[in-house]
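Per-entry structural report
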Amino acid sequence: SQRIACPRPNCKRIINLAPSPPATEAVPTVPGMCRVTCAHCHHTFLFNTTNNALARCPHCRKVSSVGPEFARTRSIIFLIFGLIVLGIAIGITVGTMQSAAEKGGLYVVYVGAFLVSLLLLLRSLYYCAMKTSLIEGPI
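Given the structure is predicted, the values throughout are model-derived calculations rather than measurements.

Close contact between helix α1 (residues 68-95) and helix α2 (residues 105-129) brings their axes to 8 Å; oriented N to C, the two are set at 160 degrees. In terms of their interaxial angle, α1 and α2 are classed as roughly antiparallel. Two packed elements cross with a definite hand, and for α1 against α2 that hand is left-handed. In terms of residue class, the contact of α1 with α2 is built from 20 nonpolar, five polar and two charged.

What follows is the structure, encoded as structure tokens:
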């Protein structure tokens, strides 16, 4: 018989007993797939470098940048946006200082603008301090 039912109670799974295909077939290569050495635990894993994302090591589960360009670029982008929002927040604060005593809602705008700029600047610092995993080469 090529197919049998699972012998466990309450399990209706059908198990195929057909011979498995030979393991000598070539593994199809995925474009952009590279071997990467984790910056934290130094284990090697596979990562697709075509998608611009952070790599999570399957061994230690920590996040790192693959190659220094990604983290540097993101850090500069968040720094620029953080400084722009900080400048806007300072401009709004200075420009509406006289009317803030009459309209209490402006204080919420002040706090919100400074909080957004702080979060953007902290995200920039996060990318600056991120460890960088090394690309060993394609598979």
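Checked against the element boundaries, S65 lands in strand β6 (residues 63-66). Given the relative accessible area of 0%, S65 is considered buried. Looking at S65, its side chain comes within polar contact range of the main-chain oxygen of G67, at 2.8 Å. Ignoring anything within four residues of it in the chain, the contact list for S65 reads L54, F70, A71, M130, K131, T132 and S133.

Rules behind the numbers
Residues numbered from 1 in each chain as written. Predicted model: local features only at pLDDT ≥ 70, side-chain atom pairs only at ≥ 80, totals over all residues. Heavy atoms only, no water. Axes fitted to C-alpha atoms, helices over the stretch in contact; angles between N-to-C directions. Helix = DSSP H or I, 4+ residues; strand = E, 2+ residues; numbered from the N terminus. Parallel < 35°, antiparallel > 145°, perpendicular 65-115°, else oblique. Left-handed = near helix turned anticlockwise from the far one by under 90°. Nonpolar A, V, L, I, M, F, W, Y, C, P; charged D, E, K, R; others polar. Buried < 20%, exposed > 50% of the residue type's maximum accessible area, 1.4 Å probe, protein only. Polar contact = N/O pair within 3.5 Å; in protein donor to acceptor, adjacent residues only side chain to side chain. Contact = heavy atoms within 4.5 Å.

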